[in-house]
Amino acid sequence: MQKRVVVLVSGTGTNLAALLGACADPAYGVCVVGVGSDRSAIPALEVASAHGVPTFVEPPGDHPGRDAWNDALAARLEPFAPDLVVLAGFMRLLRADLVTRWPTVNTHPALCPAFPGMHAVADALAYGVKLTGATLFLVDDGVDTGPVVAQVAVPVVEGDDVSSLHHRIKSAEHDLLVATVGRMLRAGYRIEGRRVILGAADPREVPA
Ligand code: GAR
């Protein structure tokens, strides 16, 4: 039985595309059953539609406040009965009860807890770090503060600008997202304090 994932997006959708690519193999064990956004007319929604995945748009501006928007989002998520919600470039904070009801992971283009927020790549570059990366974490009620599920390091190279560095991060981030979401849903995970312990990798994932 495929595990059900809803992906929330706000932008380009390259992480979504990577997940959808993996889901094409039944052995991956995961199906993206829906894609939601806080804005219309973004490339990520076209990526979803091109794969025949149902989409919805729930703009915060259509609601009188954050609570009403979160309620509307919950009503959108409910019919999909997701096993996991994946934030893939979704630039909004979710109310705590949503991420309690549906386990939710976020992919962030930095090595948490460094450089939280919306401008992680620019912030890392401006700080002058030589190594940055991507983090997949379980969303809690903070900004990029939840328990880390997996991370990958990516070097900053001489002459990098935000675009070139983000491009390099994304290519590592796609692999991390696909491998980690698959493993979480096939093998399970548990949380001990701040540590997330993934179930055993299946043999094909163990490096030779
Ligand atoms: C990704 O790099 C993701 O980590 C980042 O937005 C990008 C979305 O790219 N998310 C954040 O910065 C969240 N704080 P995509 O739309 O091509 O997947």
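Below or above, wherever it landed, is the structure these notes cover.

Basis of the calculations
- Residues numbered from 1 in each chain as written.
- Predicted model: local features only at pLDDT ≥ 70, side-chain atom pairs only at ≥ 80, totals over all residues.
- Heavy atoms only, no water.
- Axes fitted to C-alpha atoms, helices over the stretch in contact; angles between N-to-C directions.
- Helix = DSSP H or I, 4+ residues; strand = E, 2+ residues; numbered from the N terminus.
- Parallel < 35°, antiparallel > 145°, perpendicular 65-115°, else oblique.
- Left-handed = near helix turned anticlockwise from the far one by under 90°.
- Contact = heavy atoms within 4.5 Å.
- Nonpolar A, V, L, I, M, F, W, Y, C, P; charged D, E, K, R; others polar.
- Near = heavy atom within 4 Å.
- Polar contact = N/O pair within 3.5 Å; in protein donor to acceptor, adjacent residues only side chain to side chain.
- Areas by Shrake-Rupley, 256 points an atom, 1.4 Å probe, with all protein chains shown as cover.
- Pairing = 2+ DSSP bridges.
- Buried < 20%, exposed > 50% of the residue type's maximum accessible area, 1.4 Å probe, protein only.
- Core = buried A, V, L, I, M, F, W, Y, C linked by side-chain atoms within 4.5 Å.

### Some words on the packing of helix α1 (residues 14-23) against helix α2 (residues 43-50)
Phase 1: Following both chains from N to C, one finds α1 and α2 inclined at 15°, their axes separated by 9 Å at the closest point. Relative to α2, the element α1 lies roughly parallel. Handedness of the α1/α2 crossing: right-handed. Taking contact as the criterion, the partners of L16, A17 and L20 in α1 are, on α2, A44, V47 and A48.
Phase 2: When grouped by side-chain class, the residues that make up the contact of α1 with α2 number six nonpolar, no polar and no charged.

### What to know about the site of the ligand
Phase 1: In the vicinity of the ligand there are 14 residues, among which G13, T14, H166, K170 and E173 approach most closely.
Phase 2: Between the ligand and the protein, one listed contact pairs a nitrogen atom with a side-chain N or O atom of H108 at 3.1 Å.
Phase 3: Between the ligand and the protein, one listed contact pairs an oxygen atom with a side-chain N or O atom of E173 at 2.4 Å.
Phase 4: Here the ligand has 450 Å² of accessible area as a free molecule, and 94% of this is covered by the chains.

### Notes on the sheet that holds strand β7 (residues 148-155)
Phase 1: With mixed pairing, seven strands are arranged side by side in an open sheet as β3-β2-β1-β4-β5-β6-β7. The open sheet terminates on both sides in strands that have one partner only, identified here as β3 (55-57) and β7. Geometrically, the sheet is characterised by an average inter-axis angle of 20° between neighbouring strands, direction not taken into account.
Phase 2: Set on the sheet, helix α6 (residues 162-187) makes contact with β1 (3-9), β2 (30-37), β4 (84-87), β5 (104-108), β6 (131-138) and β7; between it and β6 the angle comes to about 30°.

### A word on the side chain of D160
Phase 1: With respect to the helices and strands, D160 occurs in the loop between β7 and α6.
Phase 2: The class of D160 is buried, set by a relative accessible area of 14%.
Phase 3: Within the local environment of D160, its side chain forms a polar contact with the backbone nitrogen of V157, the two atoms lying 2.9 Å apart.
Phase 4: At 2.8 Å, the side chain of D160 forms a polar contact with the side chain of R168.

### A word on the environment of T55
Phase 1: Among the secondary structure elements, T55 is positioned in strand β3.
Phase 2: Residue T55 is classed as partly exposed on the basis of its relative accessible area of 36%.
Phase 3: Between the C-alpha atoms of T55 and V7, which are 48 residues apart in sequence, the distance is 9.6 Å.

### What to know about the nonpolar core
Phase 1: Within the largest apolar cluster, 40 residues are counted, with the highest numbers of intra-cluster contacts made by V7, V35, V86, V105 and V181.
Phase 2: Taken together, the elements giving at least two residues each to this core come down to β1, α1, β2, α2, β4, β6, β7 and α6.
Phase 3: Here the element with the most residues in this core is α6; it accounts for nine residues.
Phase 4: W69, F80, L94 and V139 belong to the second largest nonpolar core, which has 19 residues in total.

### Quick look at the environment of E46
Phase 1: The topology assignment puts E46 in helix α2.
Phase 2: Taking the C-alpha atoms as reference, E46 lies 8.7 Å from G13; in sequence the two are 33 residues apart.

### What about the side chain of H174?
Phase 1: If you trace the backbone, H174 turns up in helix α6.
Phase 2: Residues in contact with H174, not counting those within four places in the same chain, are T14, N15 and A18.

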